[in-house]
Structures are given as structure tokens and as C-alpha cells.
Amino acid sequence: MATGTYVLAVDWSGDGDFADTGEDITARTLEVEYTRGADYASQLVGKAVAGTLVAKLNNVSGDYSTFNTSSPLTGNLVPGRKVKLTGNDGTTTRTLWSGFLDSIEPLPSATGANLATLRA
């Protein structure tokens with residue numbers, strides 16, 4: 001039996017790909033929830049509905065903290081970056097969700113692991 005895998009990536013550099021260092025954030029992802037939207041207007045209300053993605057990330061390194069000037073992502077933690085979640089069922093890789101970064105919120109902790117919430 002094949003095991004499914006996923007990849008969560010953010011185009012931090014804004015160059016149109018997800019191949020640069022630090023753009024695959026799967027290893028730091030603790031939890032992901034997403035809803036798919038509709039890219040066409042509803043016949044009932046006449047509006048398209050956007051999907052959402054919320055991911056909890058391990059931020060012990062402080063990489064996802066905008067105030068951390070020593071982060072390798074300094075200057076790139078800005079809204080509008082492309083975000084993509086793909087899944088592989090052992091045979092086929094599919095895009096499960098794609099959209100744009102709304103915010104990334106660091107959640108520092110005095111007693112536990114520092115986290116960050118990514119919203120797209």
C-alpha cells in the first residue's frame with residue numbers, strides 16, 4: 001500500500017518558482033487546513049468564493065518572524081507571495097491548493113516551541 005505525501009511551498013523570492021532555498025516548508029509544517037474556493041461566480045449570489053489555507057509552522061529558528069533581521073527570509077515575508085500545496089498518492093502528484101500569502105504571524109512562547117501561523 002502506498003503512502004501519500006504532501007509538499008507545502010511558498011515562493012518567498014517572488015521569482016515564479018518554488019525551487020529556491022527555504023521555499024519548500026514541508027519539513028517545518030506541523031498542521032495544514034485548507035478549503036477550496038470557486039473560481040467562477042455563483043448563480044445564487046453572483047460572487048466567486050476564495051479558498052483559504054492556514055498552516056502552523058515550527059518557528060524555533062525565528063525564520064518566519066519579520067522582526068528577526070538575521071532570518072534568511074528577511075524582506076521576503078510579505079503578502080502576495082505564491083503558496084502551493086501539492087499531494088502525491090504514490091502515483092500521481094496533484095495541486096491540492098494554490099493561492100497567495102495573506103499574512104504570517106509569529107507566535108513566540110516562553111515555555112514551548114515557537115510557532116508561526118501562515119494564512120493564505
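Please read these numbers as outputs of a predicted model, since none were measured by experiment. (Residues numbered from 1 in each chain as written. Predicted model: local features only at pLDDT ≥ 70, side-chain atom pairs only at ≥ 80, totals over all residues. Heavy atoms only, no water.)

A. Inspection of the packing of aromatic side chains at higher detail. Within the structure shown, the criterion is met by one aromatic pair. For the ring pair Trp 12 and Tyr 64, a centre distance of 6.1 Å and an interplane angle of 35° mean the geometry is tilted. Separated by 52 residues along the polypeptide, Trp 12 in the loop between β1 (5–10) and β2 (29–35) and Tyr 64 in the loop between β3 (52–58) and β4 (82–88) bring together distant segments of the chain. The burial state of Trp 12 is the same as that of Tyr 64; both residues are buried. (Phe/Tyr/Trp six-rings, centres within 6.5 Å; stacked < 30°, edge-to-face > 60°. Helix = DSSP H or I, 4+ residues; strand = E, 2+ residues; numbered from the N terminus. Buried < 20%, exposed > 50% of the residue type's maximum accessible area, 1.4 Å probe, protein only.)

B. Examining the environment of Leu 73 more closely. Within the secondary structure, Leu 73 is located in the loop between β3 and β4. Take Leu 73: its relative accessible area is 8%, and that puts it in the buried class. The contacts of Leu 73, once residues within four sequence positions are left out, are Trp 12, Asp 63 and Tyr 64. (Contact = heavy atoms within 4.5 Å.)

C. Quick peek at the nonpolar core. Core analysis: the largest hydrophobic core is formed by 18 residues, its most contacted members being Trp 12, Leu 53, Tyr 64 and Leu 118. The set of elements that each furnish at least two residues to this core consists of β1, β3, β4 and β7 (115–119). Looking at this core, the element that brings in the most residues is β3, giving three residues. Not counting residues up to four positions away in its chain, the partners in contact with Tyr 64 are Trp 12, Ile 25, Arg 28, Leu 57, Asn 58, Asn 59, Leu 73, Leu 77, Ile 104, Pro 106 and Ala 116. (Core = buried A, V, L, I, M, F, W, Y, C linked by side-chain atoms within 4.5 Å.)

D. Here's a closer look at the pattern of salt bridges. Under the defined criterion, the tally for this structure stands at three salt bridges. Taking the shortest distance from any N to any O, the salt bridge between Asp 89 and Arg 94 comes out at 3.4 Å. Judged by relative accessible area, which is 41%, Asp 89 ranks as partly exposed. Of the charged contacts in the structure, one is a salt bridge between Glu 105 and Arg 119, with a shortest N-O distance of 3.4 Å. Separated by 14 residues along the polypeptide, Glu 105 in strand β6 (residues 103–107) and Arg 119 in strand β7 bring together distant segments of the chain. On the accessibility criterion, Glu 105 (31% relative accessible area) is partly exposed. Arg 119 sits in the partly exposed class, given a relative accessible area of 34%. (Salt bridge = Lys/Arg side-chain N within 4 Å of Asp/Glu carboxyl O.)

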